Structure formats: C-alpha cells, structure tokens
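# Remarks on the overall topology
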Amino acid sequence: MATPMTAAQVVAQLKKWKLRYVEIPGWSSHNRNQKGAWGPVNGFVWHHTGADVRDGQAYASTTLYDGISGLPGPLCQFSIGADGTVFLVGWGRANHAGGGDPAVLAHVQAEDYTGQLHPTRGNTSGVDGNAHFYGVEIQYSGAHEMSPAQYTAARRLSAAIIDFHGWTEKSVIGHGEWSSDKWDPGYAPNKIMAMHAVRADVASTLSAGPNEQEDDMPTPQDVAKAVLTLDGVIAVPGAPATNPTWTLSSVQTEILKRLDRVAASEAAQTAAITKLASLVGSGVDTAAVVAAVQEAIADAVVKVSVDVSGAQS
C-alpha cells in the first residue's frame, strides 16, 4: 500500500522517464474525491477506450475529462494517444476501475501471483477499485494491437509509477484482470491481451531504467506513421490496403516527407561539424559540439511534431 503521488510528483516522474505529455487544463485538481476514498494505492490498471481516436487531446479534454452519461469524469488519471503522447486528465479518485475481485486486490497488494489473473467478481458485485488504482485509458479500439508508440509509452508510464512506489511489475494489471465483466485492454472482442507478457516487458523497461529507454521513444517519423495508420482512417503510402475504404492524407504524407528530409539534414550537418572540429584541432570537444547541435535540431523537430496536436508541457 502507498500514499498516492501528488500532481507535482507525477509530473516529475513523467519527466524522469522521458515521456511526452500534455496537461489538460484543470487536471491536477479534477477528481471524484468527494464521492469516496483515494488511496492507499496498490497498482496501475490498463484500459482501452473502445474506439480508435484521431484527436487524442480533444478526446482527453472532453470525454475522459467530463465523463459520459451516468459516469462523471474524470474517467482516468492518464490517457495515451496513438502517437504515444500521455495526457494528464485528472488527479485523485477517478471513475475507471469500478468494482472488482477482492482476491485480485489481495494478490496485487502482496504482489504474489503468477501468469494471468482471472477475476470472479465484476463491476456491480466487487470491491471499490477506484480507491486503490491509478488508471490509463489507451486510445484504441481493442480490436487490434495498440500502436508501437502507445505500447512504448504505456510500458514507460507503468515503469514511472512503480519506480516511484518501489513496486514490481505485478502491480500492473489489465481491467479484464480486475473485473469479470470487462475485457480491456484487448486485441479482439472479448479477448484480454496477455498481461503476463506485458508485465515481463514492464519489468525489462524498469530494469533498464529511464536513460536506457530513450531510443525506444518514437521519432517524429514514427509519430507521423502512427497517425497515418490509424485503423480504418488513412493508410501509409505503399502499405497493404487491408481496408479498401482507407484514403490518403496529402497533408500528413507531406509532413512525413519533410521529417525525413530534416533527419537527412541532421545527419549531414553532424558529419560536417565532426569534420570541421577535427580540422580545428585537438582542443575542441568534438563530441560535445555534435551532441549540442543534434539536441538543438531534435528539439526543433519535436516542437514541430507536438505543435500539430497542441502545446507540450
């Protein structure tokens, strides 16, 4: 058991684990604390939204922030868009876990179980999960795999949470492992994903640490491709046309081409700077100069990418 993180502490963890995030206005004081307990917390629950979301920030700031008929928001503390951006939706008690199996809660509290958890009690007959769990809504339908950027962000977000509390990967569960009448997050209707494999990936992420994981975060090209490949929306040029109703987006395709040109330009500039430094003499810290230029170029590219969906904190 643990005292929940403060809003400032969770932001610090997101920065430590190099997660790209956007703060929905008002998130840090938006909660359901007046309706029930918030803490002690015991784990982190993965959910899916049940639909493929094109505008992650808009969805997070409306549906997830405000809630739906009969279920007031916030509907989670975190949400992850198709490009891997983490949206901060609320902080405190949120309507996400609902009722679940007390036996599962005991297993998670003790971090004492193997394989997949199989609850026997559901939302209406279970114990209050909203008091005990952080929750993330991953913005995809569950009828297919989440995007690589989403999975990377979900693993890293999980690691950020359990790192803070000193938990193991066994504190990360799927909603379908908590409630018998839920199946998220999933790959196909009524089929929860293999959360035991997810936990193994989270353990590897945690073991490697935040600095070792930097290369796993999506590049601007990965972000553009993730948007282009949203199921049933648009397709990457040259990709198999598995859905004949897909249409191309000329604007996004052009953005992807320009990002490729920026990457090529960065490589050329790096080579030129390295050559120039070698000509100046041994007094120049070549590696430091190259790193500084690469960081400046990378920051500019990320800013272009983030500006497409909104400001980054």
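Keep in mind the model is a prediction, meaning the values are calculated, not measured. (Residues numbered from 1 in each chain as written. Predicted model: local features only at pLDDT ≥ 70, side-chain atom pairs only at ≥ 80, totals over all residues. Heavy atoms only, no water.)

Turning next to the environment of Thr-49. Positionally, Thr-49 belongs in the loop between β2 (43–48) and α2 (56–66). Residues Thr-49 and Pro-185, 136 residues apart in the sequence, show an inter-C-alpha distance of 8.6 Å. Those residues in contact with Thr-49 that lie beyond four places of it in its chain are Tyr-59, Glu-137, Ile-138, Gln-139 and Tyr-140. Polar side-chain contacts of Thr-49 include one of 2.7 Å to the backbone oxygen of Ala-51. Of note is the side chain of Thr-49, whose polar atom sits 3.3 Å from the backbone nitrogen of Tyr-140. (Helix = DSSP H or I, 4+ residues; strand = E, 2+ residues; numbered from the N terminus. Contact = heavy atoms within 4.5 Å. Polar contact = N/O pair within 3.5 Å; in protein donor to acceptor, adjacent residues only side chain to side chain.)

Attention now moves to the nonpolar core. By size, the foremost hydrophobic cluster in this structure holds 37 residues, and its most contacted members are Trp-46, Phe-78, Tyr-134 and Leu-157. At the level of elements, α1 (7–16), β2, β5 (78–80), β6 (86–88), β9 (133–138), α4 (148–165) and α6 (195–212) are the ones that each hand at least two residues to this core. It is α4 that provides the largest number of residues to this core, a total of seven residues. (Core = buried A, V, L, I, M, F, W, Y, C linked by side-chain atoms within 4.5 Å. Buried < 20%, exposed > 50% of the residue type's maximum accessible area, 1.4 Å probe, protein only.)

Here the focus is the packing of aromatic side chains. In the structure shown here, the tally under the stated rule is eight aromatic pairs. Measuring from centroid to centroid gives 6.1 Å for Trp-46 and Tyr-151, while their planes differ by 80 degrees, and the two rings are edge-to-face. Here Trp-46 is found in strand β2, whereas its partner Tyr-151 is found in helix α4, with 105 residues between them in sequence. On the basis of relative accessibility, which here comes to 0%, the residue Trp-46 falls in the buried class. Residues Phe-133 and Trp-178 carry aromatic rings whose centres are separated by 5.1 Å and whose planes lie at 65 degrees to one another, so their mutual orientation is edge-to-face. With Phe-133 in strand β9 and Trp-178 in helix α5 (residues 175–178), this residue pair connects regions lying 45 residues apart in the sequence. Each member of the pair Phe-133 and Trp-178 is classed as buried. Here the aromatic residues Trp-27, Trp-38, Phe-44, Phe-78, Trp-91 and Tyr-134 are joined through ring pairs into a cluster of three or more. (Phe/Tyr/Trp six-rings, centres within 6.5 Å; stacked < 30°, edge-to-face > 60°.)

Our next topic: the confidence of the model for the protein chain. Note: predicted coordinates in regions of low pLDDT should not be interpreted at a detailed level. Overall, the predicted model of the protein chain reaches an average pLDDT of 83, with 71% of residues at or above 70. Considering only residues more than four positions removed or in separate chains, one finds that residues 231–240, a stretch of pLDDT under 50, has 26 contacts. Note that pLDDT drops below 50 for residues 301–313; the model gives that stretch 16 contacts with residues more than four away or on any other chain. (pLDDT = per-residue confidence, 0-100.)

So, on to the sheet that holds strand β1 (residues 21–23). The six strands are arranged β1-β6-β5-β9-β2-β10 in an open sheet whose pairing can be described as mixed. The strands lining the two open edges of the sheet, one partner per strand, are β1 and β10 (172–174). Across the sheet, the mean angle from the axis of one strand to that of its neighbour is 25 degrees, orientation sign disregarded. Where β2 and β9 come together, six bridges link them in parallel fashion. Each bridged residue has a counterpart across the sheet, and for Val-45 the counterpart in β9 is Gly-135. (Pairing = 2+ DSSP bridges. Axes fitted to C-alpha atoms, helices over the stretch in contact; angles between N-to-C directions.)

Attention now goes to the pairing of β2. Counting buried residues in β2 gives six out of six residues, a clear majority hidden from the surface. By the alternation rule, side chains of β2 split into Gly-43, Val-45 and His-47 and Phe-44, Trp-46 and His-48, which are all buried. Pairing geometry for β2 and β10, over three bridges, is parallel. What sits directly across from Val-45, in β10, is Ile-173.

The buried count for β9 comes to six of six residues, which makes it a mostly enclosed element. With burial as the criterion, each face of β9 is covered, one bearing Phe-133, Gly-135 and Glu-137 and the other bearing Tyr-134, Val-136 and Ile-138. Pairing between β5 and β9: three bridges, direction parallel. Counted as the bridge partner of Ser-79 is Glu-137 from β9.

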